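# Fold and geometry: a report
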Amino acid sequence: MNRLQNKVALITGAARGQGRAHAIRLAEEGADIIAVDIPREVIDIGYPMGTEAELADTAAAVEALDRRIITAAVDVRDIDALTAAVTSSVAELGRLDIISANAGIAASPHAGHEIPEDAWQQMLDINLTGVWHTVKAGVPHMLAAGNGGSIILTSSAAGLKGYASIAHYVAAKHGVVGLMRSLTQELGPQGIRVNSIHPTQVDTPMIQNESTYRIFRPDLEKPTREDFEPASATTNILPIPWVEPVDVSNAVLFLASDEARYITGATLPVDAGCVVK
């Protein structure tokens, strides 16, 4: 317990799903939280985004653990708004030790050569440029404090292998790995560690929607969660269809903690063997 006592973590995509789980898990270990999520809808993803009300629910869960939290309804594509939110939050909480660049979207299925231009651009803007923006907004505070730090970039199993029908998602998630590897080289001399995590399917609204179901069960007109479950299980070596958000949060916690003090430049799968299957 208290592995992150007196530390502050910036988490994007914190309204629900993995981001909320990260906020709660890190708060359980003593961290104060800066929680960011998008305040508006996006296109061509097949499910609704998190809401400001859900971001408030994340805040309530963290506060119930007697930790401080500041929320910001900010789009990671908007570097000026994101930088302002992070700067004001760090000024209030006093420091920044951990960055979890978790915000991201899934994709409706398209053949690679048929992806709409706006869907391709949106995917890269959120899942790659948004990760870079999060680092860009947070790292100056780490460098100014001189305390080192830990940056965890959320990629995907799709950041380590290819998948049909989601080429834009795969491209963005591979790009996160390249970004991580360059940041590792640049920030290591200042004691800042940078790693990426690579989940398989995670039981959140990002996969539990008809758009994802249709990717895995194109043979059915209206596939359900129950139809999707065995198909999803075929992607993993371990006999499970998906992991839970807390499984990913535990990996984030490990990489954020001093237990991982000499781990940097790593691509950590939380994938039930998906990547090596």
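As shown above, the structure is provided for reference.
Now for a description of the structure that goes with this document. (Residues numbered from 1 in each chain as written. Predicted model: local features only at pLDDT ≥ 70, side-chain atom pairs only at ≥ 80, totals over all residues. Heavy atoms only, no water.)

### Describing the packing of aromatic side chains
- Inspection of every chain in the model, using the stated rule, returns three aromatic pairs.
- A centroid spacing of 5.2 Å and a plane angle of 35° characterise the contact between Y213 and F228, whose relative ring orientation is tilted. One end of the pair, Y213, is in helix α6 (residues 210-216); the other, F228, is in helix α7 (residues 225-233), and 15 residues separate them in sequence. Across this residue pair, the class does not change: Y213 and F228 are buried. (Phe/Tyr/Trp six-rings, centres within 6.5 Å; stacked < 30°, edge-to-face > 60°. Helix = DSSP H or I, 4+ residues; strand = E, 2+ residues; numbered from the N terminus. Buried < 20%, exposed > 50% of the residue type's maximum accessible area, 1.4 Å probe, protein only.)

### Notes on unusual backbone geometry
- At S165, a position not held by glycine, the phi torsion is positive, near 80°.
- Tracing the backbone through its elements, the reader meets S165 in the loop between β5 (149-154) and α5 (167-187).
- With a relative accessible area of 33%, S165 lands in the partly exposed category.
- Phi at A272 is positive, roughly 55°, even though this residue is not glycine.
- The residue A272 is located in the segment after β7 (267-270) in this model.

### Some thoughts on the nonpolar core
- Among the nonpolar cores identified, the biggest contains 49 residues, and I34, I105, I151 and L153 are the most heavily contacted of them.
- Counting residues per element, this core draws most heavily on α5, at nine residues.
- Not counting residues up to four positions away in its chain, the partners in contact with I105 are V42, I45, Y47, M49, Q122, M123, I126, N127, Y169 and M206.
- Core analysis: the next-biggest nonpolar cluster, separate from the first, contains 28 residues, L4, A23, L253 and A256 among them. (Core = buried A, V, L, I, M, F, W, Y, C linked by side-chain atoms within 4.5 Å. Contact = heavy atoms within 4.5 Å.)

### Digging into the environment of F216
- Along the chain, F216 turns up in helix α6.
- Separated by 21 residues in the primary sequence, F216 and N195 have C-alpha atoms spaced 30 Å apart.
- Every residue in contact with F216, bar those within four places of it in the chain, is listed here: Q201, F228, A231, S232 and T235.

### Structural notes on the pairing of strand β4 (residues 98-101)
- Here β4 shows two buried faces, one formed by I98 and S100 and the other by I99 and A101.
- Across three bridges, the pairing between strand β1 (residues 8-12) and β4 is parallel. Within β4, the position partnered with A9 by the bridge is I98.
- With four bridges joining them, β4 and β5 adopt parallel strand pairing. Note that in β5 the partner of S100 across the bridge is I152.
- After leaving β4, the chain enters helix α4 (residues 117-145) and then returns to the sheet as β5, a path that is right-handed. (Pairing = 2+ DSSP bridges. Right-handed = clockwise from strand over helix to strand, strands pointing away.)

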